[in-house]
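In case you want the letters, here they are:
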Amino acid sequence: MEPGYTMEDIAPIAVLMDELRSEDVQLRLNAIHSIPTIALALGPDRARDELVPFLQDSVDDEDEVLLALAKELGRNFEEYIGGKQFAHVLLGPLENLSAVEETLVRDKAAESIAKIAEVLSTPQIEEFYIPLLKRLSQGEWFTSRTSSAALYPPVYTKVSWSIQEDLRKGFAALGADDTPMVRRAAAKWLGPFVKNLSKQHVLSDGLPIYRRLQSDDQDSVRLLTVEDLIVIAKQLTPPEVKEQLLKQIRHSIADKSWRVRYMAATHFNELAEAVGTELVREELIGQYVQLLKDNEAEVRTAAAGQIPGFSKLLEKEVILARIVPCVRDLSHDASQHVRAALANHISGLAPLLGRDATIEHLLPLFLHLLKDEFPEVRLNVISKLETVNGVIDIELLSDSLLPAIIELAEDKSWRVRQAIIEYIPLLATQLGKPFFDEQLGNLCMSWLGDTVFSIRESATINLKKLTEVFGVDWAKVQIVPKVMGMGQHPNYLYRMTTVQAITTIAPSLNLAIVQAEIIGPLLQLAEDPIPNIRFNVAKSLEILATTYGNTTEGRDFVCQSIAPVLERQKTDSDADVRYFAARALQKASADMLGKC
């Protein structure tokens, strides 16, 4: 034992060493997660002098353990070793982790180094961080060079002009690296790096790196340059974009790899906003039409998602002349995914075209998509009807809407049935009470008898929302009698649904309706032979008591009608019924500030 150290001093680091040498991966993981505690026990000086060097030598381990270490060192760990002035000490272990084989570990290590860079002073960056960055950038293995790309953006603005020049050269070298993985990392981090450059250096350094990567022979590199293109375009004026980037824009959109075209389609609106209105009108309309007609369904799907956003940048006449014909073609597309994407976004054109053009050009497409054989297409149209309703009367769609809703309501997939239930309150708002009562009222009640519990549950929530839309008087006539009628059904699932529906709907009703229509049948169900129904009645009575027991009239109602039944249920033969009855009485008493 070294002189001057007691056993208590040495114990924390010794325990950590033992656990990190354990054969049990979970024990080693736990040890890594405990290093902040160990650092606290050691104190800042010993944490710097003993713990950090030990961790720096601990990179020969399972990837899971190394990932945990990279995370811990990036969680303000400098606070345990004496504060910001010593944060650079953590760069040693993280540098080693940045060069390991596992991508997840390297990425997390680079992320932690970037976090530490935020608290480093300029002298610390120039003395410790920049040499580390150079070592990683010039490392023999591609792993370290790949990690280095993420480390250029965080410090560029914090260093002197001469070092900035070195950083630009270093990043350019990564963009021209022999290994595709390094070039891919350069393409990924070029955008964040370029954001820190002055306009002069964007043109002199950023653009050449971008052009080299954009013409790379690997499509995995080229597809990452689409986002770089947007960042660079935002930093240039529209004339400069036209002069410097037009060729690259055309190349990306017409790339031979569908994955690059897909990325261009996915980010098309951002690109259009970055390049300016003039270039959109002169060049991008044609390029966008090209993407909407692409021979790959994935590209057409991505492009369809950009229709409303891109159309906002165009005049109405241009939308009608160039975009609407493509939309018409997409509504008959062979791929159901393309049609589903279109159905999700086509409604966004209605506000841009106005009432007459929507009726003439879009209404036939809505009607066609509502009859699509693929449920998701029909669902997507229905989910976005609110946008259309603001432009045209939804009655124009009602003839096609009703068959589509009924088909979806009877779909063999319960998830489709559940999705249409969730849109019913929205449709009810737009269609109005008379149409709803006549056409959809019975449908909403039929869901209460569905074989799938999730559908029955959604159906009760739907009834609550409809009560909020149409009011309690409507619910008293249209919902309550039908729900209570199910309470007499011989099948216990229907009786259970009645109880659950009351529990859900009751807070949206009023005391008069509960007393007149609900409490009698509900109390009958408290004597049901099925224990599940009896304890659900107790839950329902709890909701009624807590909802209505805070007024004088409500308190009398609880004391006269609810409390006696719950007292009886407290002696039920079933343990669950006794538990829920006791809980309901306790909550009711608390809400009423005392027992009856």
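The rules behind these values
- Residues numbered from 1 in each chain as written.
- Predicted model: local features only at pLDDT ≥ 70, side-chain atom pairs only at ≥ 80, totals over all residues.
- Heavy atoms only, no water.
- Helix = DSSP H or I, 4+ residues; strand = E, 2+ residues; numbered from the N terminus.
- Rg over C-alpha atoms; globule rule 2.2 N^0.38 Å.
- Buried < 20%, exposed > 50% of the residue type's maximum accessible area, 1.4 Å probe, protein only.
- Areas by Shrake-Rupley, 256 points an atom, 1.4 Å probe, with all protein chains shown as cover.
- Lys, Arg positive; Asp, Glu negative; His and termini not counted.
- Charge placed at Lys NZ, Arg CZ, Asp CG, Glu CD.
- Axes fitted to C-alpha atoms, helices over the stretch in contact; angles between N-to-C directions.
- Parallel < 35°, antiparallel > 145°, perpendicular 65-115°, else oblique.
- Left-handed = near helix turned anticlockwise from the far one by under 90°.
- Contact = heavy atoms within 4.5 Å.
- Nonpolar A, V, L, I, M, F, W, Y, C, P; charged D, E, K, R; others polar.
- Polar contact = N/O pair within 3.5 Å; in protein donor to acceptor, adjacent residues only side chain to side chain.
- Bend = angle between axes of the 7 residues up to and from the residue.
- Salt bridge = Lys/Arg side-chain N within 4 Å of Asp/Glu carboxyl O.
- Core = buried A, V, L, I, M, F, W, Y, C linked by side-chain atoms within 4.5 Å.
- Patch = residues over 30% accessible without salt bridge, like charges linked within 9 Å, V, L, I, M, F, W, Y side chains within 5 Å.
- Arc of directions from axis to C-beta.
- Phe/Tyr/Trp six-rings, centres within 6.5 Å; stacked < 30°, edge-to-face > 60°.
- Lys NZ or Arg CZ within 6 Å of the ring centre and 35° of its normal.
- pLDDT = per-residue confidence, 0-100.

## Focus on the overall build of the chain
A count of helices and strands for the chain gives 37 helices and zero strands. For 596 residues, the compact-globule estimate of 2.2 N^0.38 gives 25 Å, and the chain exceeds it by more than 25% at 33 Å. Considered along the principal axes of its C-alpha atoms, the chain spans approximately 85 × 80 × 40 Å. For the chain, with 596 residues in total, the buried portion stands at 52%. Approximately 26800 Å² of the chain is accessible, and the part contributed by carbon and sulfur atoms is 51%. Computed over 62 positive and 83 negative side-chain charges, the separation of the two mean positions in the chain equals 4 Å.

## Focus: the packing of helix α17 (residues 268–275) against helix α18 (residues 277–292)
Relative orientation of the contacting elements α17 and α18 amounts to 165°, with a least axis distance of 10 Å. Here α18 runs roughly antiparallel to α17, going by the angle between their axes. Our pair here, α17 against α18, has a crossing hand that is right-handed. Contacts from Phe-268, Ala-272 and Val-275 of α17 reach α18 at Leu-279, Val-280, Leu-284, Gln-287, Tyr-288 and Leu-291. The residue inventory of the contact of α17 with α18, partitioned by class, reads eight nonpolar, one polar and no charged.

## A word on the side chain of Ser-137
In this structure, Ser-137 sits in helix α8 (residues 122–137). A polar contact of 2.8 Å, which involves the side chain of Ser-137, links it to the backbone oxygen of Leu-133. Those residues in contact with Ser-137 that sit more than four places away from it in its chain are Arg-145, Ser-148, Tyr-152 and Leu-174.

## Focus: α8
Tyr-129 marks where α8 bends most, by close to 35°; the proline Pro-131 follows one to four residues later. Those residues of α8 that sit buried are Gln-124, Ile-125, Tyr-129, Ile-130, Leu-132, Leu-133, Leu-136 and Ser-137. Among the structural elements, α6 (91–97), α7 (103–119), α9 (142–148) and α10 (161–175) are those in contact with the buried residues of α8.

## Observations regarding the pattern of salt bridges
A complete count under the given rule lists 29 salt bridges for this structure. In this structure, Asp-166 and Lys-134 form a salt bridge, with 3.9 Å as the shortest nitrogen-oxygen distance. A residue pair is termed long-range when its members are at least 10 positions apart, and Asp-166 in helix α10 and Lys-134 in helix α8 qualify at 32 residues. Among the salt bridges present, the one from Arg-583 reaches Glu-542, with a minimum N-O distance of 3.1 Å. Note that Arg-583 is positioned in helix α37 (residues 575–591) and Glu-542 in helix α35 (residues 531–548), a separation of 41 residues in sequence. Connected via shared salt-bridge partners are Lys-108, Glu-111 and Lys-115.

## Side note on the nonpolar core
With 194 residues, the main nonpolar core has Tyr-129, Leu-245, Ile-249, Ile-307, Phe-310, Ile-382 and Trp-447 as its most contacted residues. Counting residues per element, this core draws most heavily on helix α23 (residues 350–370), which supplies nine residues. The contact partners of Tyr-129, leaving out residues within four places of it in the chain, are Leu-91, Ile-113, Ala-117, Leu-120, Gln-124, Leu-151, Pro-154 and Val-155.

## What about a negative patch on the surface?
On the surface, Glu-62, Asp-63, Glu-64 and Glu-101 cluster together to form a negatively charged patch. With respect to the helices and strands, Asp-63 occurs in helix α5 (residues 63–73).

## Digging into helix α2 (residues 25–33)
Those residues of α2 not exposed but buried are Arg-28, Leu-29, Ala-31 and Ile-32. Relative to the axis of α2, the buried residues are bounded by an arc of 160° and lie together on one face.

## A few points about the packing of aromatic side chains
Taken as a whole and assessed by the stated rule, the structure comprises twelve aromatic pairs. On the basis of an interplanar angle of 75° and a centroid distance of 5.3 Å, the ring pair of Phe-268 and Phe-310 is categorised as edge-to-face. With Phe-268 in helix α17 and Phe-310 in helix α20 (residues 307–311), this pair connects stretches of sequence that are 42 residues apart. Take Phe-310: its relative accessible area is 0%, and that puts it in the buried class. An aromatic cluster of at least three residues, connected via ring pairs, comprises Tyr-152, Tyr-156, Phe-171 and Phe-193. Its end group placed over the ring of Phe-86, Arg-48 keeps NZ or CZ at 3.7 Å from the ring centre.

## Some thoughts on the side chain of Arg-168
Considering the arrangement of structural elements, one finds Arg-168 in helix α10. Those residues in contact with Arg-168, other than ones at most four positions away along the chain, are Tyr-156, Phe-193, Leu-197, His-201, Asp-205 and Ile-209.

## Description of the confidence of the model for the chain
On average, residues of the chain carry a pLDDT of 84, and 94% of them reach 70 or more. Taken element by element, the chain is modelled with least confidence in helix α1 (residues 7–20), mean pLDDT 60, and with most confidence in helix α19 (residues 297–304), mean pLDDT 94.

## What about the packing of helix α14 (residues 225–234) against helix α15 (residues 238–253)?
Where α14 meets α15, the axes come as close as 11 Å, and the angle between the chain directions of the two elements is 170°. Taken together, α14 and α15 sit at an angle that is classed as roughly antiparallel. Note on element contacts: α15 touches α14 through Val-241, Leu-245 and Ile-249, opposite Leu-229, Ile-232 and Ala-233. Looking at the contact of α14 with α15 residue by residue, the classes come out as six nonpolar, no polar and no charged.

## Looking at unusual backbone geometry
The residue Asn-76 is not glycine, and still its phi comes out positive at about 55°. Inspection of the secondary structure puts Asn-76 in the loop between α5 and α6. Under the relative-accessibility criterion, Asn-76 is labelled partly exposed at 44%.

## Looking at the environment of Leu-291
Relative to the assigned elements, Leu-291 resides in helix α18. For Leu-291 and Asp-45, which are 246 residues apart along the polypeptide, the C-alpha to C-alpha distance reads 61 Å. When sequence neighbours within four positions are dropped, the list of residues in contact with Leu-291 reads Ile-253, Arg-261, Ala-264, Ala-265, Phe-268, Val-299, Arg-300 and Ala-303.

## Here we look at the environment of His-489
Summarising the element assignment, His-489 is placed in the loop between α32 (480–485) and α33 (492–505). Judged by its relative accessible area of 30%, His-489 is partly exposed. Apart from the residues within four sequence positions on either side, His-489 is in contact with Tyr-494 and Arg-495. Reaching out from His-489, the side chain makes a polar contact with the backbone nitrogen of Asn-491 at a distance of 3.0 Å.

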